[in-house]
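Inside the fold
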Amino acid sequence: VCGSFVFGFSLMSLPARVRKLVVTKYSPKFREATALVEVPLDVASLSEDFIVVRNIYTGINASDINWTNGKYPPRLDPPYDCGFEAVGTVAWMGKDVVGMKVGDVVGYTGINCFSEYAPVMYKQVFVIPAPVPPLPNIIPLLVSGLTASIALEQIGEMKQKDKEGASFKQERVLVTAAAGGTGQFAVQLAKLAGHFVIGTCGDESKVALLKRLGCDRVINYKTEKLHEVLRNEFPEGINLVYESVGGDTYEACLSNLAVRGRLVVIGMVGSYQDGSAFSRSGSGSQAPVGMKLLAKSASVRGFLLTQFQRHMRSHFQRLLALLQAGKLQTVVDKTQFIGLEQVADAVDYLYTAKNQGKVVVQLTKEARTLTSKL
């Protein structure tokens, strides 16, 4: 066990070797694409503006299998790291690190989060100030929360009632997969902004959840047809759509946009496993999209979180403040996964579409004990 180092300093013992998941071949099947390996933890080779985070929890994202399939930029050659988000404690820090100390709770996004310990440039992490929420509840704020918050503001141009004042005009905001990891935030943020919120989901327990989160109208696509509900109940169309499903859901959203409506595509989870999201032969009709948009002066806009790095810190701070003030809920799925060995199980579970909220993996067996001491 390593305790102190020539470069930088540490107040916490570190193991000489750590375990992590790496992508060994391209495949949308996460279990087949990855391997659990043990590697040296060589802090002497790190730049002085790096820290080492002991990861306690990590989050599962639909795009994890796009990463293992080599479909997300930057496309790397195997073997390479994986995992987009984690929460943990600072275990070591270089001498140029400021604004934090060993033992602080931090959250971060990256591409190396499916690891027991991870080196991270200190400017890329978010220090969690007291009162520290339960650590699993921080995970949803990262990829999922940031995606919703930044995409709605920067791409969807969603207005805030408290900022617009008398000039504010309420809009109809539709969130697909609304009970999922990121949908839950789109619903709440749109409602907090003062809009009429419609959410879609696939079972009655999720209907109840979405009503608790503030949805004005919940559409269970297993018992109702999305296109018909939108056409009949909202004949003037939807002003803003936060869309992550693809296929027929996307088509229904596109066909029911309002004049000057905005459809923000943050994913196509229904088409990741078979790869059709990345091929010309993907699901959905070959309707003349251009004419649909032209007829309403509407637009379809894509969003990829990594291209909005400069917005992350301010949006994370706002999300955390809303959480700590009790104005925002973070819904974590109750199914428990423990250890790197169960990350693949967690990915498989996400694709059953049974999850309510964010799927989280506990990486340390003593995580609950650690959390109670923070």
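Structure: see above.
Nothing here was measured: the structure is a model prediction, and the numbers come from that model.

Section: the pattern of salt bridges
- In the structure shown here, the tally under the stated rule is 14 salt bridges.
- Of the charged contacts in the structure, one is a salt bridge between Asp-81 and Lys-20, with a shortest N-O distance of 2.8 Å. Of this pair, Asp-81 sits in strand β4 (residues 80–81) while Lys-20 sits in strand β1 (residues 17–23), and the two are 61 residues apart along the sequence.
- Under the relative-accessibility criterion, Asp-81 is labelled partly exposed at 23%.
- Salt bridges sharing partners connect three or more residues here, namely Arg-19, Glu-116 and Glu-341.

As for the sheet that holds strand β13 (residues 257–265)
- With parallel pairing, six strands are arranged side by side in an open sheet as β11-β10-β9-β12-β13-β14. Either end of the sheet is taken by a strand with one partner, and the two such strands are β11 (217–220) and β14 (299–302). For this sheet, the mean inter-axis angle between neighbouring strands, taken without regard to orientation, is 15 degrees.
- Bridge analysis of strand β9 (residues 172–175) against strand β12 (residues 238–243) gives three bridges, and the strand direction is parallel. By the bridge assignment for β12, Leu-174 is matched with Val-241.
- Strand contacts of helix α4 (residues 143–155): β12, β13 and β14, with the helix running at about 145 degrees to β12, the strand carrying the most contacts.
- Sitting on the sheet, helix α10 (residues 289–296) is in contact with β13 and β14, with an inclination near 130 degrees to β13.

Focus on the sheet that holds strand β2 (residues 34–40)
- Strand order in the open sheet formed by three strands is β2-β1-β4, and the pairing between neighbours is antiparallel. Each of the sheet's edge strands pairs with one partner strand only, and the pair in question is β2 and β4.
- Two elements, β1 and β4, share two bridges in a ladder whose sense is antiparallel. Of the residues in β4, the one forming a bridge with Val-22 is Asp-81.

Some words on the packing of α4 against helix α6 (residues 183–192)
- As a packed pair, α4 and α6 sit with axes 8 Å apart at the nearest point and diverge in direction by 45 degrees. In terms of their interaxial angle, α4 and α6 are classed as oblique. Crossing of α4 over α6 shows right-handed handedness. Where α4 approaches α6, its residues Ser-144, Gly-145, Ala-148, Ser-149 and Leu-152 are matched on the opposing element by Phe-185, Ala-186 and Leu-189.
- Looking at the contact of α4 with α6 residue by residue, the class counts come to five nonpolar, three polar and no charged.

Procedures and definitions
- Residues numbered from 1 in each chain as written.
- Predicted model: local features only at pLDDT ≥ 70, side-chain atom pairs only at ≥ 80, totals over all residues.
- Heavy atoms only, no water.
- Salt bridge = Lys/Arg side-chain N within 4 Å of Asp/Glu carboxyl O.
- Helix = DSSP H or I, 4+ residues; strand = E, 2+ residues; numbered from the N terminus.
- Buried < 20%, exposed > 50% of the residue type's maximum accessible area, 1.4 Å probe, protein only.
- Pairing = 2+ DSSP bridges.
- Axes fitted to C-alpha atoms, helices over the stretch in contact; angles between N-to-C directions.
- Contact = heavy atoms within 4.5 Å.
- Parallel < 35°, antiparallel > 145°, perpendicular 65-115°, else oblique.
- Left-handed = near helix turned anticlockwise from the far one by under 90°.
- Nonpolar A, V, L, I, M, F, W, Y, C, P; charged D, E, K, R; others polar.

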